[in-house]
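So you can see what is in the structure, the chains are spelled out below.
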Amino acid sequence: MAFNKDSIAGTMVFTIVLCLVCSFMITGTADVLKERKLVKKRDELMRNVLVAANVEGVTHDNFREIFNAKVTPVLVSLETGEPVAAENLLDYDTNMAAINPETSSKISKDIAKIKTRANNIRIFKVNNDQGQLQTVVLPVYGKGLWSIIYGFIGMEKDLNTVEGIVFYEHGETPGIGDFVNREEWRTTWHGKQIYNGTGAVALKIVKGGANPSDVNGVDGVSGATRTGAGVQNLINFWFGAEGYANLIEKLKAAGV
Ligand SMILES: Cc1cc2nc3c(=O)[nH]c(=O)nc-3n(C[C@H](O)[C@H](O)[C@H](O)COP(=O)(O)O)c2cc1C
């Protein structure tokens, strides 16, 4: 018996086949896009780490090669300061780790206004051309005026002097609070020191401008003091007792 495509059964078969074809196409496209999204995320991570570490000669074409040659991601426990075994660290989801109750801790003195933080944090060790450790890049984030500001801070081997910073994601007002991303402001952090002689966090964003000879002072930006205060708070938090203080002591004791 010939199949009648104009019958009810024919219409049903046509509809089912069309639905199957469309769902395969959507699943296939989602898979391809997922992979592309991952690659883009890794690329952004690599670029931001290299900016924070102030690595010279990085271009659009060579950043992956430079990253792979010089940078080692390491997962560390903030409680013990010790490394934690982990695979695929480039794809480690820091934000997820920070909100999952099984992998995070509530913060008792929440000056950065982030509520919880991951127990294990991915840091990056960056070598120079001779293969010796030059910079340690630490993730930092906290609430600005409107948004959580995410960044990386590159520390020299003394784990006190800033090599470079990058704030790569925020929702502060364009033209006002987005100075955190401007290169001329970011570069003023180079050479500044986080801690003072007694080991207290001393880096200050100074309203009206820091004295150039002040090793702890970074210029504030007038008209955007509240974003600056957010950056100050996140520095105070991450370099304090509930942030990297333990890790920094451990790394220093181990000669990094
Ligand atoms: C629409 C609007 C958006 C603003 N966005 C920001 C911002 O992103 N960051 C910020 O620090 N201040 C922002 N401000 C300004 C703050 O409300 C506040 O006046 C300023 O931070 C104070 O800085 P000052 O003490 O240097 O004057 C904004 C103000 C307005 C009206």
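Residues numbered from 1 in each chain as written. Predicted model: local features only at pLDDT ≥ 70, side-chain atom pairs only at ≥ 80, totals over all residues. Heavy atoms only, no water.

**Considering the UniProt feature "domain: FMN-binding" (unreviewed entry) in the protein chain**
The UniProt entry lists residues 144–242 under the feature "domain: FMN-binding" (unreviewed entry), expressed in the numbering used here. With 18% helix and 23% strand, residues 144–242 has end C-alpha atoms that lie 19 Å from one another. (UniProt positions renumbered as here; feature names shortened; annotations may be inferred. Helix = DSSP H or I, 4+ residues; strand = E, 2+ residues; numbered from the N terminus.)

**A closer look at the site of the ligand**
In the neighbourhood of the ligand, 13 residues make up the surrounding shell, with Thr173, Lys207, Gly223, Thr225 and Thr227 lying closest. One of the backbone nitrogen or oxygen atoms of Gly223 is found 2.7 Å away from an oxygen atom of the ligand. When the free accessible area of the ligand is taken as 620 Å², the share hidden by the protein chains comes to 59%. Taken together, the residues that form the shell around the ligand break down as four nonpolar, six polar and three charged. (Near = heavy atom within 4 Å. Polar contact = N/O pair within 3.5 Å; in protein donor to acceptor, adjacent residues only side chain to side chain. Areas by Shrake-Rupley, 256 points an atom, 1.4 Å probe, with all protein chains shown as cover. Nonpolar A, V, L, I, M, F, W, Y, C, P; charged D, E, K, R; others polar.)

**A closer look at the sheet that holds strand β5 (residues 133–143)**
Spatially, β1-β4-β5-β6-β7 is the arrangement adopted by the five strands of the open sheet, whose pairing is antiparallel. If you trace the sheet from one side to the other, it starts and ends with β1 (71–77) and β7 (162–169), each paired once. Geometrically, the sheet is characterised by an average inter-axis angle of 25° between neighbouring strands, direction not taken into account. Along the sheet face, helix α5 (residues 225–238) touches β4 (120–127), β5, β6 (148–156) and β7 and points at about 120° away from the line of β5. (Pairing = 2+ DSSP bridges. Axes fitted to C-alpha atoms, helices over the stretch in contact; angles between N-to-C directions. Contact = heavy atoms within 4.5 Å.)

**Remarks on unusual backbone geometry**
One non-glycine residue, Asn88, lies in positive phi territory at about 45°. Topologically, Asn88 is positioned in the loop between β1 and α3 (94–99). On the accessibility criterion, Asn88 (60% relative accessible area) is exposed. The residue Lys115 is not glycine, and still its phi comes out positive at about 65°. For Lys115, a relative accessible area of 63% translates into the label exposed. (Buried < 20%, exposed > 50% of the residue type's maximum accessible area, 1.4 Å probe, protein only.)

**Looking at the nonpolar core**
Taken as a class, soluble globular proteins show a tendency for nonpolar side chains to be buried jointly. Formed by 44 residues in total, the largest nonpolar core has its most connected members in Ile153, Trp185, Trp189, Trp238 and Phe239. Residues in contact with Trp238, not counting those within four places in the same chain, are Leu78, Ile114, Arg117, Ile121, Pro139, Val140, Tyr141, Gly243, Tyr244 and Ala245. Membership of the second largest hydrophobic core comes to 16 residues, among which are Val49, Phe67, Phe124 and Val166. (Core = buried A, V, L, I, M, F, W, Y, C linked by side-chain atoms within 4.5 Å.)

**Concerning the environment of Glu35**
Of note, Glu35 is situated in helix α1 (residues 8–52). Residue Glu35 is classed as partly exposed on the basis of its relative accessible area, which comes to 43%.

**Comments concerning the pairing of β5**
Burial analysis of β5 places nine of its 11 residues in the buried class, the great majority of the element. Looking at chain direction, β4 and β5 are connected through four bridges and run antiparallel. In the sheet register, Val126 faces β5, and the bridge partner there is Thr135. Remark: five residues form the turn of the hairpin made by β4 and β5, two consecutive strands paired antiparallel; Gly131 in that turn has positive phi of roughly 85°. Strand direction decides the pairing type here: β5 and β6, joined by nine bridges, are antiparallel. Note on β6: the bridge partner recorded for Thr135 is Glu156.

**As for a nonpolar patch on the surface**
On the surface, a nonpolar cluster with roughly 490 Å² of combined accessible area is contributed by Phe3, Val13, Val17, Val21 and Met25. Mapped onto the elements of the fold, Val17 is located in helix α1. Judged by relative accessible area, which is 45%, Val17 ranks as partly exposed. (Patch = residues over 30% accessible without salt bridge, like charges linked within 9 Å, V, L, I, M, F, W, Y side chains within 5 Å. Salt bridge = Lys/Arg side-chain N within 4 Å of Asp/Glu carboxyl O.)

**So, the side chain of Arg117**
Within the secondary structure, Arg117 sits in strand β3 (residues 116–118). Among buried charged residues, Arg117 stands out as having no salt bridge; its nearest opposite-charge side chain is Glu242, 5.9 Å away. A distance of 2.8 Å separates the side chain of Arg117 from the backbone oxygen of Glu242, its partner in a polar contact. Look past the residues within four positions of Arg117 in its chain and what remains in contact with it is Leu78, Ala98, Ser104, Ser105, Ile107, Tyr141, Phe237, Trp238 and Glu242. (Lys, Arg positive; Asp, Glu negative; His and termini not counted.)

**Focus on helix α2 (residues 63–70)**
The α-helix advances 3.6 residues per turn, and as a result positions three or four apart in sequence lie on the same side. Of the positions making up α2, those classed as buried are Phe63, Ile66, Phe67 and Lys70. Across the axial projection of α2, the buried residues extend over an arc of 100°, all falling on one side. Along α2, exposed side chains directed more than 90 degrees from the buried face belong to Glu65, Asn68 and Ala69. On the buried face of α2, the contacting elements are α1, β1 and β4. (Arc of directions from axis to C-beta.)

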